[in-house]
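Single-letter residue listing:
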Amino acid sequence: MKLFKTLRLATKDYLHEWQVSICFVLALAAVLGPMLVLFGLKFGIIGGMIDELIEDPTNREIRPVSSARFDDNWINQMRARKDVEFILPRTRSIAATVQLSSDKADRFVNVEMIPTASGDPLLQKTSAPETINQIVLSPTAARKLNIELGDQIQGSVTRRYLGEAERVELSLTVVGIADADAFTRDGAFVNLELMEAIENYRDGIAVTQFKWSGSEAPSERTYPSFRLFSRSIYDVAGLQKALNAVGVEVRTKSSDIELVMKMDRNLTMVYWAIAIIGLFGFSLSLGASLWANVDRKRKELSVLRLVGFRTGDIVWFPMTQAIYTAVLGWGLAIGLYQAVAITINTMMADQTEGQSVCVLLPEHFAAAGVVTVLAAIISAALSGARAARIAPSDGLREI
Amino acid sequence: METQPHSDATQREGGTIYHLRNVVLDRKSEGVSFRLNVPSLQIRQGEQIAVIGESGCGKSTLLDILAFIAKPSDIDSFRFRPNLADSPTDIGALWDKKQLNALGDMRKQHIGYVMQTGGLLPYLTVRDNINLSRNVLKMKKDDTVDTLARELGIARHLDKLPGTLSTGERQRVAIARGLAHQPSIVIADEPTASVDPFAAEKIMALFMELAEDRNITVIVASHAWRHIKRLGLRRLAHHTSRSEDGRTTETVVNG
């Protein structure tokens, strides 16, 4: 009850001295506002860069540099890793081509084949081939063949077998056209089975499914290479290390990722340095002004002591006012930030394709509020302790 | 309550609010020492006491002792009995046990204080200022404040802030605040020092009248005996002596 009375008196005093109160609030907003803008820029720019990295799956791709021998067992072990999102073995690249033709175009197009399956990060927007006769074309190949979704096309594969040149034909259904980013050359995403069949055919091994003649298949298949995507960009470096450890040299974009992460770390450090100095400065200035306020109000506080407010009640006097300053200053700082952020984002909109440069999330505002109120409480506690030490007779006889 | 009434003591203490015996306060600052010595002081209920003297003679210190604000260095006996129905409270014991909150409660309940320069809170209206003590004591709202304001001639200022009033008006508000919670004692330290002599006399007369009507004991410190004499206050005898080197001052109060 007494606490409530102190709050009421502190509130009345705060409103009565509104000029002084406004100065406190402005002083706080002047420190906090720019800090929010700074953090918004850091968060927006770095966040945008990280988003870009995350959005482009090729940043998560890990490619073996040279060919080796990987069996199904090894591939499955890799697939079981938590940091691996997608892995498929590749057949020999020299055997992984096919010549395509369509009724709609009077030319042949030689394409590279890329093994794929559902969940392929490069085919997020198109459906992956589900059967051996389905195919997804790269945009350049699709254009050259004048193809639309659902069209039938012919594939032909040649080989030299027992001294003779041979050719087999395949009928394929186009189930998708990949993004331009996914594959820039003439290419076709196909079922791994089809690639294995074509490699077998070229190696002179019989493919029963298509009734292609040849010798018997060896008992175990090995692959020279694989397609591997990590689950996130942060897993790339770890996977690269793990692969290097088992003697598989790989190429990744880990250096790009590392660069952004390093920038994030450095900017965060710079930001915190500024934030801590700013917060420290604000706490000092608020503390100093509250401290001086206790001096200024010595007489009034001693009157409160005289009419029966206890030590513990008096502490709440500067405390309440500090919290008002913190909350109002925080609100004003958010207002300032919003104005600046909207201005910056509008100004930069042309260059950033609509992506916001200055961004803060609600939790950032909340965190700033909590930190500000805490800083205010700490600095008010000091002057509150001072206010509490005022004896009832202290201010009675000043003139 | 005392189970065995001492006829002598009861007689002597009957109606006595303050009973002090050999209460001493020593103060030292910058090599100069000051001592207030109260060998014996009794103040009876309804009495109007004047402590007259130049500044520095220790009258404020005496008021602080009587308001439980200043801690005496030495106490033989210091009893306080605001309600004659209750047994006296041993103030010396409370100081010894450092029960500052108990002393504070005693003060806010039974003592009104009128300050030299008003001591009004600038952010509260005149009404809220007068109500401050009543508010702290959670007293019910009644017409006390309005009555006091009317009698002191400040009724039309009740909803203004003190900053808009004249010094004399502010002093009247301070007097109203000192009386509003119906204390047993009102202590006033130079209540009219900042007002011109003519107004001062008027305000003081009004103050005494209000206190008398309410049977409130009044203790006033002032440096001017002249205009208080006429109001019929009992002047507290005191004697101030200074050592030859001027480093020690002792004031002895009896009454």
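Residues numbered from 1 in each chain as written. Chains lettered and ligands numbered in written order. Predicted model: local features only at pLDDT ≥ 70, side-chain atom pairs only at ≥ 80, totals over all residues. Heavy atoms only, no water.

1. Brief notes about the overall build of chain A
Looking only at helices and strands, one finds 10 helices and 12 strands in chain A. For chain A, the spread of C-alpha atoms along the principal axes amounts to about 120 × 45 × 35 Å. Residues classed as buried in chain A amount to 47% of the 399 residues present. Sequence separation of 24 or more characterises 78% of the internal contacts of chain A that already satisfy a separation of 6 or more. For chain A, the accessible area works out to roughly 20100 Å², and carbon and sulfur atoms hold 59% of it. Charged side chains of chain A number 41 positive and 43 negative; the gap between the two group centres comes to 11 Å. (Helix = DSSP H or I, 4+ residues; strand = E, 2+ residues; numbered from the N terminus. Buried < 20%, exposed > 50% of the residue type's maximum accessible area, 1.4 Å probe, protein only. Contact = heavy atoms within 4.5 Å. Areas by Shrake-Rupley, 256 points an atom, 1.4 Å probe, with all protein chains shown as cover. Lys, Arg positive; Asp, Glu negative; His and termini not counted. Charge placed at Lys NZ, Arg CZ, Asp CG, Glu CD.)

2. Description of the layout of surface pockets
Residue and element names in this part refer to chain A. Taken as a whole, the largest pocket encloses approximately 670 Å³ of empty space. In this structure, the largest pocket is lined by 33 residues; those nearest its centre are Glu-61, Arg-63, Arg-90, Phe-183 and Arg-185. Sorting the residues of the lining of the largest pocket by element identifies strand 1 (61-64), strand 5 (105-116) and strand 11 (225-230) as the ones contributing at least two each. (1 Å grid on protein atoms, 1.4 Å probe; cavity = no way out; pocket = protein on both sides within 12 Å on 5 of 7 lines; lining within 4 Å. Points joined across faces, edges and corners; volume = space filled by probe spheres on them.)

3. Looking at the pairing of strand 1 (residues 16-29) of chain B
All names here are of chain B. In this sheet, strand 2 (residues 32-44) lies alongside strand 1 in antiparallel orientation, the contact comprising 12 bridges. Of the residues in strand 2, the one forming a bridge with Tyr-18 is Ile-43. The loop that links strand 1 with its antiparallel partner strand 2 comprises 2 residues; one of these, Glu-30, has a positive phi angle of about 50°. Where strand 1 lies against strand 4 (residues 74-80), 6 bridges are found, and the strand directions are antiparallel. Looking at the pairing, His-19 lines up with Arg-79 of strand 4. (Pairing = 2+ DSSP bridges.)

4. Re the domain arrangement of chain A
Looking at the assigned domains, one finds that chain A contains domain 1 (2-54 + 259-388) and domain 2 (66-248). Computed from C-alpha coordinates alone, the two centres of domain 1 of chain A and domain 2 of chain A are separated by 59 Å. (Domains from an automatic or database assignment.)

5. Quick look at the interface of chain A and chain B
Taken residue by residue, the interface counts 25 residues in chain A and 25 residues in chain B. Across the chain A to chain B interface the summed buried area is about 2400 Å²; carbon plus sulfur atoms make up 61%. Residue B:Asp128 is joined to A:Lys12 by a salt bridge in which the shortest nitrogen-to-oxygen separation is 2.8 Å. Where chain A meets chain B, there are 4 residue pairs in polar contact (both at pLDDT 80 or more). Residues belonging to the side of chain A that touches chain B are distributed by class as follows: 11 nonpolar, 3 polar and 11 charged. (Buried area = accessible area lost by both parts, 1.4 Å probe. Salt bridge = Lys/Arg side-chain N within 4 Å of Asp/Glu carboxyl O. Polar contact = N/O pair within 3.5 Å; in protein donor to acceptor, adjacent residues only side chain to side chain. Nonpolar A, V, L, I, M, F, W, Y, C, P; charged D, E, K, R; others polar.)

6. A word on the pattern of salt bridges
Pairing of side chains with opposite charge becomes possible as their charged atoms draw close. Residues and elements named next belong to chain A. If you walk through the whole model with that rule in mind, you get 32 salt bridges over all chains. The residue Arg-60 makes a salt bridge to Glu-85 at a minimum N-O spacing of 3.0 Å. Linking Arg-60 in the loop between helix 2 (18-55) and strand 1 with Glu-85 in strand 3 (residues 84-90), this pair joins segments that are 25 residues apart in sequence. By relative accessible area, which is 7% here, Arg-60 ends up buried. On the accessibility criterion, Glu-85 (32% relative accessible area) is partly exposed. It is possible to trace a salt-bridge network through shared partners that takes in Asp-13, Glu-17, Arg-296 and Lys-297.

7. Some words on the packing of helix 5 (residues 126-136) of chain B against helix 7 (residues 167-180) of chain B
Helices that pack against each other are described as a pair by the angle of their axes relative to one another and the distance between those axes. Residue and element names in this part refer to chain B. Interaxial distance between helix 5 and helix 7 falls to 7 Å at its minimum, and their mutual angle equals 30°. Considered as vectors, helix 5 and helix 7 are oriented roughly parallel to each other. For helix 5 against helix 7, the interelement crossing comes out right-handed. Contacts between helix 5 and helix 7 involve Val-126, Asn-129, Ile-130, Leu-132, Ser-133 and Arg-134 on the former and, on the latter, Val-173, Ala-176, Arg-177 and Ala-180. (Axes fitted to C-alpha atoms, helices over the stretch in contact; angles between N-to-C directions. Parallel < 35°, antiparallel > 145°, perpendicular 65-115°, else oblique. Left-handed = near helix turned anticlockwise from the far one by under 90°.)

8. Describing the environment of A:Ile198
Residues and elements named next belong to chain A. Tracing the backbone through its elements, the reader meets Ile-198 in helix 5 (residues 192-202). As a C-alpha pair, Ile-198 and Thr-97 span 101 residues in sequence and 8.6 Å in three-dimensional space. Those residues in contact with Ile-198, other than ones at most four positions away along the chain, are Ala-95, Thr-97, Met-113, Val-157, Leu-170 and Trp-212.

9. Observations concerning unusual backbone geometry
Residue and element names in this part refer to chain B. Phi at Phe-68 is positive, roughly 60°, even though this residue is not glycine. Tracing the backbone shows Phe-68 in the loop between helix 2 (59-66) and strand 4. One non-glycine residue, Asn-215, lies in positive phi territory at about 55°. Relative to the helices and strands, Asn-215 is located in the loop between helix 8 (197-213) and strand 8 (217-222). Taking relative accessible area as the criterion, Asn-215 reaches 44% and is therefore assigned partly exposed.

10. Section: a nonpolar patch on the surface
Residues and elements named next belong to chain A. Together, Trp-18, Ile-22, Leu-26, Leu-332 and Leu-336 make up an exposed nonpolar region whose accessible area comes to about 460 Å². At the level of elements, helix 2 and helix 9 (311-352) are the ones that each hand at least two residues to the nonpolar patch. The dominant element in the nonpolar patch, judged by the number of residues it contributes, is helix 2, at 3 residues. Tracing the sequence through the fold places Ile-22 in helix 2. (Patch = residues over 30% accessible without salt bridge, like charges linked within 9 Å, V, L, I, M, F, W, Y side chains within 5 Å.)

11. Thoughts on the side chain of A:Asp313
All names here are of chain A. In this fold, Asp-313 is placed in helix 9. Within polar-contact distance, the side chain of Asp-313 engages the backbone nitrogen of Arg-310 at 2.8 Å. If sequence neighbours within four positions are ignored, Asp-313 has contacts with Lys-2 and Thr-6.

12. Thoughts on the packing of aromatic side chains
Residue and element names in this part refer to chain A. Tallied over the entire structure, the rule returns 16 aromatic pairs over all chains. Between Phe-70 and Trp-74 the ring centres are 4.6 Å apart and the planes differ by 35°, which places this aromatic pair in the tilted class. Their ring planes at 55° and their centres at 5.1 Å tell us that Tyr-201 and Trp-212 sit as a pair that is tilted. Separated by 11 residues along the polypeptide, Tyr-201 in helix 5 and Trp-212 in the loop between helix 5 and strand 10 (222-223) bring together distant segments of the chain. The same class applies to Tyr-201 as to Trp-212, namely buried. Grouped by ring-pair contacts, the aromatic residues Phe-39, Phe-43, Tyr-271 and Trp-272 constitute a single cluster. (Phe/Tyr/Trp six-rings, centres within 6.5 Å; stacked < 30°, edge-to-face > 60°.)

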